[in-house]
Amino acid sequence: MPGETVPLPGDHDPIAGPRLTFRPIEEGDLPDLMRWLADPEVIEFYGDAPATIEAARDDYLEADVNPVWRFVIEEDGRGVGEIQYGHDYPGDDYAWKAGIDIFIGEPDARDRGVGTEAIRTMLQHLFEVQSLHLVTIDPEVANARGIRAYEKAGFRLDGVLRHHAFEHGEYVDTHFMSILEDEWPAARARWETERAAVSDQPR
Ligand SMILES: CC(C)(COP(=O)(O)OP(=O)(O)OC[C@H]1O[C@@H](n2cnc3c(N)ncnc32)[C@H](O)[C@@H]1OP(=O)(O)O)[C@@H](O)C(=O)NCCC(=O)NCCS
């Protein structure tokens, strides 16, 4: 039954994938989060950075106020960004869909597959551990890099949401993208094929 394994906010085990690990954000992560959120490439599509550490704490640690599960993405033990998921009905039996979001905050971790890998790792958790039916994401239409990464991971475009975000003083359109549970096996197979091709390459 979908939802039986859905943890309550503030109570989550780490999520381990083949290349990356997600661990719940802690107080000690706030300085890194502030730095990442102040990066111009993150601000461009993620909005203005929190002005104070208290604001960052409210946004990223107060899980009971804001029922979203937020994680630091770790690559080889180093935090490189943030990934999160939210359910409409946290902790309830009928939590059957989730929305996700991500940013890679360390500049040297962007544009080398980490974002795509993180999305795939989160999809694996949501479909295979939490047994969800649907996962969604809504990048701004101008975010070609994000859209490309989400398509590679298996998301499809449902449609364009007009003026669905307000960023940097103007309304912007977003792509509403989704992947259904019965589409996940093919997406996962593509991930495995790509991983095998990388591990076959001479070092
Ligand atoms: C969007 C983001 C998560 C993607 O992660 P990433 O690790 O940088 O991306 P990846 O390397 O996994 O994949 C990017 C893909 O987009 C392609 N790409 C890069 N820039 C592009 C552009 N301007 N137009 C089209 N495609 C582009 C890359 O070539 C790659 O595709 P390929 O593997 O087929 O060559 C990351 O760049 C990021 O956090 N950006 C800033 C904040 C943000 O946009 N967050 C998402 C909000 S929805």
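Described in the following lines is the structure provided in the data block. This is a predicted model, so every value here is computed, not measured. (Residues numbered from 1 in each chain as written. Predicted model: local features only at pLDDT ≥ 70, side-chain atom pairs only at ≥ 80, totals over all residues. Heavy atoms only, no water.)

**Here's the deal with the overall build of the protein**
In step 1: When helices and strands are counted, the protein shows six helices and eight strands.
In step 2: Listed by position from the N terminus, the elements making up the protein come as β-β-α-α-α-β-β-β-α-β-α-β-β-α.
In step 3: Pairs at least 24 residues apart make up 65% of the contacts formed inside the protein by residues separated by at least 6 positions. (Helix = DSSP H or I, 4+ residues; strand = E, 2+ residues; numbered from the N terminus. Contact = heavy atoms within 4.5 Å.)

**Some points on the pairing of strand β4 (residues 78-87)**
In step 1: Taken across its 10 residues, β4 has nine buried, putting it largely inside the fold.
In step 2: Pairing of strand β3 (residues 68-75) with β4, which is carried by eight bridges, proceeds in the antiparallel orientation. Bridged to Phe71 within β4 is Ile83.
In step 3: In this antiparallel pair of consecutive strands, β3 and β4, the connection spans two residues, and Asp76 shows a positive phi of 50°.
In step 4: Relative to strand β5 (residues 97-104), β4 runs antiparallel, the two being bridged by seven bridges. If you follow Gly86 over to β5, its bridge partner there is Gly99. (Buried < 20%, exposed > 50% of the residue type's maximum accessible area, 1.4 Å probe, protein only. Pairing = 2+ DSSP bridges.)

**Focus on the layout of surface pockets**
In step 1: A volume near 830 Å³ is recorded for the largest pocket.
In step 2: Lining the largest pocket are 38 residues, with Tyr46, Ile102, Phe103, Asn143 and Tyr150 positioned closest to its centre.
In step 3: When contributions to the lining of the largest pocket are tallied by element, the ones reaching two or more residues are α2 (40-46), α3 (53-60), β5, α4 (114-129), α5 (144-153) and β7 (156-167).
In step 4: For the lining of the largest pocket, the element with the highest residue contribution is α5, accounting for six residues.
In step 5: The computed volume of the second largest pocket comes to approximately 310 Å³.
In step 6: Along the walls of the second largest pocket sit Pro18, Arg19, Gly113, Thr116, Glu117, Arg120, Lys152, Trp191, Glu194, Arg195, Val198 and Ser199, which together make up its complete lining.
In step 7: Elements with a contribution of two residues or more to the lining of the second largest pocket: α4 and α6 (184-200). (1 Å grid on protein atoms, 1.4 Å probe; cavity = no way out; pocket = protein on both sides within 12 Å on 5 of 7 lines; lining within 4 Å. Points joined across faces, edges and corners; volume = space filled by probe spheres on them.)

**Describing the sheet that holds β5**
In step 1: Within the open sheet, the eight strands sit side by side as β1-β2-β3-β4-β5-β6-β8-β7. Their pairing is mixed. Strands at the two margins of the open sheet, each flanked by one partner only, are β1 (15-16) and β7.
In step 2: Two strands pair when backbone bridges link them, and β5 and strand β6 (residues 134-137) are joined in this way by three bridges, in the parallel orientation. Bridge pairing in β6 places Lys97 opposite Leu134.
In step 3: Packing against the sheet, α4 makes contact with β1, β2 (20-24), β3, β4, β5, β6 and β8 (170-180), and its axis sits at approximately 155° to β5. (Axes fitted to C-alpha atoms, helices over the stretch in contact; angles between N-to-C directions.)

**Notes on the site of the ligand**
In step 1: Of all residues adjacent to the ligand, which total 23 residues, the nearest are Ile104, Gly115, Thr116, Arg148 and Lys152.
In step 2: Ile102 places a polar main-chain atom, nitrogen or oxygen, 3.1 Å from a nitrogen atom of the ligand.
In step 3: Within the backbone of Gly115, a nitrogen or oxygen atom sits 2.7 Å from an oxygen atom of the ligand.
In step 4: Considering the ligand on its own, with 960 Å² of exposed area, one finds that the protein chains cover 74% of that surface.
In step 5: The set of elements that each furnish at least two residues to the shell around the ligand consists of α2, β5, α4 and α5.
In step 6: In terms of residue count, α5 provides more of the shell around the ligand than any other element does, seven residues in total.
In step 7: Across the shell around the ligand, the residue classes tally to 10 nonpolar, five polar and eight charged. (Near = heavy atom within 4 Å. Polar contact = N/O pair within 3.5 Å; in protein donor to acceptor, adjacent residues only side chain to side chain. Areas by Shrake-Rupley, 256 points an atom, 1.4 Å probe, with all protein chains shown as cover. Nonpolar A, V, L, I, M, F, W, Y, C, P; charged D, E, K, R; others polar.)

In short, geometric facts, not functional conclusions.
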